[in-house]
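Survey of secondary and tertiary structure
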Amino acid sequence: MIDINKGKGQSLYRRGADDGFWFGLYLCAMFILSVNGIAAQIGSMLMFFGVPFIIYFYLDRSYRADNLKTSFSGLWLHGICIFFFASLIMALAIYIYSRFINPMYINDCAEMARQFYSAQPSADAQDYALTIKKVQEAHLLPAPSQLAVTWIMLTVFFGSLLSMAESAIIRSVPRRKTPPSPRQFQQ
């Protein structure tokens, strides 16, 4: 059962950190599925489509916990915090995977892209393939730490956009205020 009073009295940053922890585990699971073959990648893609619903749930729960008084910017900040803290957890998983579990992960991705572009008939695709090959030979592929930081920035940027849109939707949905609980009258 969802506790509507969960988070009441907590700052947006604390709520964002709490929700970001669980959402970070979700993103880690999505990453792990994405690197484990075609069938698992389909599962990862389905999880990707679930992201807006999860964020809507977190933001709506926060809005209701504040008795529908959270401002648009407050909801937006909550969403940004969720994505920031979740991206830290996901970036750690990406770093550990690409540095220790599969050190050739980044090179394998570049090689897959090079083979894809090499198989295309257009001259532009052949140029892309040649550029990727030169980058591989010159050892200019990003390090695992660079990959992790890039994913943090990407996740927070697009999470901010998603949170902005969902905050506007949540604020625009007409709803009744939650009636006060009987406990408030007993005090």
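Definitions and limits used
Residues numbered from 1 in each chain as written. Predicted model: local features only at pLDDT ≥ 70, side-chain atom pairs only at ≥ 80, totals over all residues. Heavy atoms only, no water. Axes fitted to C-alpha atoms, helices over the stretch in contact; angles between N-to-C directions. Helix = DSSP H or I, 4+ residues; strand = E, 2+ residues; numbered from the N terminus. Parallel < 35°, antiparallel > 145°, perpendicular 65-115°, else oblique. Left-handed = near helix turned anticlockwise from the far one by under 90°. Contact = heavy atoms within 4.5 Å. Nonpolar A, V, L, I, M, F, W, Y, C, P; charged D, E, K, R; others polar. Salt bridge = Lys/Arg side-chain N within 4 Å of Asp/Glu carboxyl O. Buried < 20%, exposed > 50% of the residue type's maximum accessible area, 1.4 Å probe, protein only. Phe/Tyr/Trp six-rings, centres within 6.5 Å; stacked < 30°, edge-to-face > 60°. 1 Å grid on protein atoms, 1.4 Å probe; cavity = no way out; pocket = protein on both sides within 12 Å on 5 of 7 lines; lining within 4 Å. Points joined across faces, edges and corners; volume = space filled by probe spheres on them. Polar contact = N/O pair within 3.5 Å; in protein donor to acceptor, adjacent residues only side chain to side chain. Expected span 1.5 Å × (residues − 1). Bend = angle between axes of the 7 residues up to and from the residue.

1. As for the packing of helix α4 (residues 105-118) against helix α5 (residues 123-137)
At a minimum axis distance of 8 Å, the contact between α4 and α5 shows a crossing angle of 155 degrees. The pairing of α4 with α5 is recorded here as roughly antiparallel in orientation. You can see that α4 and α5 cross each other, and the crossing is left-handed. Every residue of α5 that contacts α4 at Asn107, Ala110, Glu111, Ala113, Arg114, Tyr117 and Ser118 is listed here: Ala125, Gln126, Tyr128, Ala129, Ile132, Lys133 and Gln136. Considering only residue class, the contact of α4 with α5 consists of seven nonpolar, four polar and three charged.

2. Observations regarding the pattern of salt bridges
Under the definition given, this model contains six salt bridges. Across the pair Arg61 and Asp19 runs a salt bridge, and its minimum N-O distance is 2.5 Å. With a gap of 42 residues between them, Arg61 in helix α2 (residues 38-65) and Asp19 in helix α1 (residues 12-34) connect regions that are remote in the sequence. An identical accessibility class is assigned to Arg61 and Asp19; each is buried.

3. Let's talk about the packing of aromatic side chains
Summed over all chains, the structure comprises 14 aromatic pairs. Pairing Phe21 with Trp22 gives two aromatic rings, centres 4.9 Å apart and planes at 80 degrees, and the pair type is edge-to-face. Residue classification places Phe21 among the partly exposed positions, given a relative accessible area of 38%. Centroid distance Tyr95 to Phe100: 6.2 Å. Interplanar angle 85 degrees. Geometry classified as edge-to-face. An aromatic cluster of three or more residues is present, and its members are Phe23, Tyr26 and Phe83.

4. Details of the layout of surface pockets
Roughly 940 Å³ of internal volume is contained in the largest pocket. Taken together, 29 residues form the lining of the largest pocket, with Met30, Ser34, Ser44, Phe48 and Trp151 sitting closest to its centre. For the lining of the largest pocket, the elements supplying multiple residues, two or more each, are α1, α2, α3 (72-101), α4 and α6 (144-172). Here the lining of the largest pocket takes seven residues from α6, the largest share from any one element.

5. A word on the side chain of Arg114
Examined against the element boundaries, Arg114 turns out to sit in helix α4. A distance of 2.5 Å separates polar atoms of two side chains, one belonging to Arg114 and the other to Glu111. Setting aside its immediate chain neighbours within four residues, Arg114 contacts Ala129, Ile132, Lys133 and Gln136.

6. A look at α4
Under the 1.5 Å per step criterion, the end-to-end length of α4 is 20 Å for 14 residues, consistent within 8% with the ideal 20 Å. Among the residues of α4, those classed as buried are Tyr105, Ile106, Ala110 and Arg114.

7. What to know about α2
Here α2 is 28 residues long and its end C-alpha atoms lie 41 Å apart, about the 40 Å a rise of 1.5 Å per residue gives. A maximum bend of about 35 degrees is found in α2 at Gly50, where proline Pro52 lies one to four positions downstream. Following α2 by one or two positions, Asn67 has its phi on the positive side, about 55 degrees.

Any link to function would need more than the numbers given here.
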